[in-house]
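# Results of the structural survey
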Amino acid sequence: MTLMNDAGFAAKTPSLTARGTRSASDSTSTSALRKLAGALMMGGLTLGAAQVHAADTLKIGISAEPYPPFTYTSASGEWTGFEVELAEAICDAMQRECEITPTGWSGIIPSLKAGRIDMIMNSMTITKAREKVIDFSIPYYNSPGAYVAAKDLELEIPDGLDGKILGTQAATTHANFARRALRSTGVDVRLYDQQEQVNSDLLSGRVDVILADEIAMSALVKRDEASNFEIKATTPQHEAYGIGAGVGVRKEDGALKEALDGAIHQVYADGTCTVLSNKYFDTDVCLG
């Protein structure tokens, strides 16, 4: 999932359901703050160490549209997933209190620049275009794009895309790659606001093939309802995919970027990233 508002296709834009922002309460007592943080952590609302005043809480922007297995809501309605748990570990390493702040994906960079969130941790690929407007931590994982289609569909990539309908999420590097690399193939590209909408249209037969993150697609084809689908191919090296996913921060927040870099190195070194990666993906995608 990666923000890039130059996809160049007519987007299919179903309405989104708004989600509220979670926040911690003020406390002037260290003891009271710790009790409050513990209560919030039990509720799944606050991430990280409760060692700073609530005013210093870092707001972690993730897409309000679930992106399993990276970010999604559990049966109890709480946010979880690889990046949510990794964010918790990174906040612990920085000794900072953090809170998940769901934000519409198409507006997540403007929200960062406007100060409504302090960082973006949502599989955002580091690209030259994005680096013109925000800064990034070191990358923490990398994954190519993957094409998914029905097992019984013989599909040669990219020549076999001619006349096919391909679905992908709008404002992502996958959409940008499709615009740059697939326009000449004759494929009909359909853009969606949410990845789950793309997945749903594939499973229901409204599109022939979809293009999305390989890790997320590996999880998709393991679902019972997707047992008749498979990954057909992965994307080649292309500038649209940048150098991996990093944590986005404002350009003026150099101290936060430095702290994030150190924390990411720490979760590499102590094995936390690998443990979480194996938990969600059955493989190690960490770059440390």
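The structure reproduced in this document is the subject of the present report. (Residues numbered from 1 in each chain as written. Predicted model: local features only at pLDDT ≥ 70, side-chain atom pairs only at ≥ 80, totals over all residues. Heavy atoms only, no water.)

### Focus: the packing of helix H2 (residues 82-94) against helix H9 (residues 272-281)
- At a minimum axis separation of 10 Å, H2 and H9 run at an interaxial angle of 165°. Overall, the two elements H2 and H9 adopt an arrangement that is roughly antiparallel. In this structure, H2 crosses over H9, and the sense of that crossing is right-handed. Along the contact surface, H2 presents Phe82, Glu85, Leu86 and Ala89, while H9 presents Thr272, Cys273, Leu276, Ser277, Lys279, Tyr280 and Phe281.
- Across the contact of H2 with H9, the residue classes break down as 7 nonpolar, 2 polar and 2 charged. (Axes fitted to C-alpha atoms, helices over the stretch in contact; angles between N-to-C directions. Helix = DSSP H or I, 4+ residues; strand = E, 2+ residues; numbered from the N terminus. Parallel < 35°, antiparallel > 145°, perpendicular 65-115°, else oblique. Left-handed = near helix turned anticlockwise from the far one by under 90°. Contact = heavy atoms within 4.5 Å. Nonpolar A, V, L, I, M, F, W, Y, C, P; charged D, E, K, R; others polar.)

### Here we look at the state of the cysteines
- Scanning all chains against the criterion turns up 2 disulfides.
- Here Cys91 is linked by a disulfide to Cys98, with a sulfur-sulfur distance of 2.0 Å. Judged by the sign of its S-S torsion, about -100°, the bond between Cys91 and Cys98 is left-handed. Neither Cys91 nor Cys98 differs from the other in exposure class; each is buried. (Disulfide = S-S within 2.5 Å. Buried < 20%, exposed > 50% of the residue type's maximum accessible area, 1.4 Å probe, protein only.)

### Thoughts on the environment of Glu154
- Checked against the element boundaries, Glu154 lands in the loop between strand S8 (145-150) and strand S9 (165-169).
- Once the C-alpha coordinates of Glu154 and Lys232 are considered, the two residues, 78 residues apart in sequence, prove to be 9.0 Å apart.

### A word on H2
- The end-to-end C-alpha separation of H2 is 18 Å, in line with the 18 Å expected for 13 residues at 1.5 Å each.
- Looking only at H2, the buried set comprises Phe82, Glu83, Val84, Leu86, Ala87, Ala89, Ile90, Cys91 and Met94. (Expected span 1.5 Å × (residues − 1).)

Scope: geometric values only; no functional claims are made or implied.
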